[in-house]
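Summary of structural features
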Amino acid sequence: MSTEKAYCANCLNCTVFRQFESDNKSFVLRVRCDKKKWLKRSGEEKVHKYFTVARRVMDECDEYIESGELYPYIKNLRKALPVKDELYAAEH
């Protein structure tokens with residue numbers, strides 16, 4: 001286990017997916033951990049809003065796989081991500 005903090009956005013197990021709205025005509029972007037490291041107290045999988053992923057950090061993670069140089073990436077990601085949910089039209 002690593003003693004350094006794990007920035008989830010820089011992990012290969014961190015995945016962006018589309019979460020469709022109830023009308024199935026639009027979606028928002030969400031992020032999940034493919035290794036199921038983000039769980040609610042109930043045991044249900046926790047997902048995060050796309051724009052918050054750059055701030056998601058774990059003290060320890062035995063599944064962390066660094067995907068590149070951390071600090072330039074995280075800095076640029078924080079600048080580039082939107083500050084709130086963006087609604088996208090679903091393609092048919």
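To be clear, the structure that these remarks concern was listed above.
So, how was this worked out
Residues numbered from 1 in each chain as written. Predicted model: local features only at pLDDT ≥ 70, side-chain atom pairs only at ≥ 80, totals over all residues. Heavy atoms only, no water. Core = buried A, V, L, I, M, F, W, Y, C linked by side-chain atoms within 4.5 Å. Buried < 20%, exposed > 50% of the residue type's maximum accessible area, 1.4 Å probe, protein only. Helix = DSSP H or I, 4+ residues; strand = E, 2+ residues; numbered from the N terminus. Contact = heavy atoms within 4.5 Å.

1. Here's the deal with the nonpolar core
Inside soluble globular proteins, nonpolar side chains tend to come together where they are buried. With 15 residues, the main nonpolar core has Trp38, Val53, Leu77 and Leu81 as its most contacted residues. For this core, the secondary-structure elements that each account for two or more residues are strand 3 (26-33) and helix 1 (70-80). Broken down by element, this core gets its largest block of residues, three residues, from helix 1. Residues within four places of Trp38 in sequence aside, it is in contact with Cys8, Cys14, Val31, Arg32, Cys33, Glu44, Glu45, Lys46, His48, Arg56 and Met58.

2. Focus: the environment of Cys61
Mapped onto the secondary structure, Cys61 falls in the loop between strand 5 (57-58) and helix 1. Taking C-alpha positions, Cys61 is 16 Å from Glu45, a pair spaced 16 residues apart along the chain. Beyond its immediate sequence surroundings of up to four residues, Cys61 is in contact with Ala6 and Lys37.

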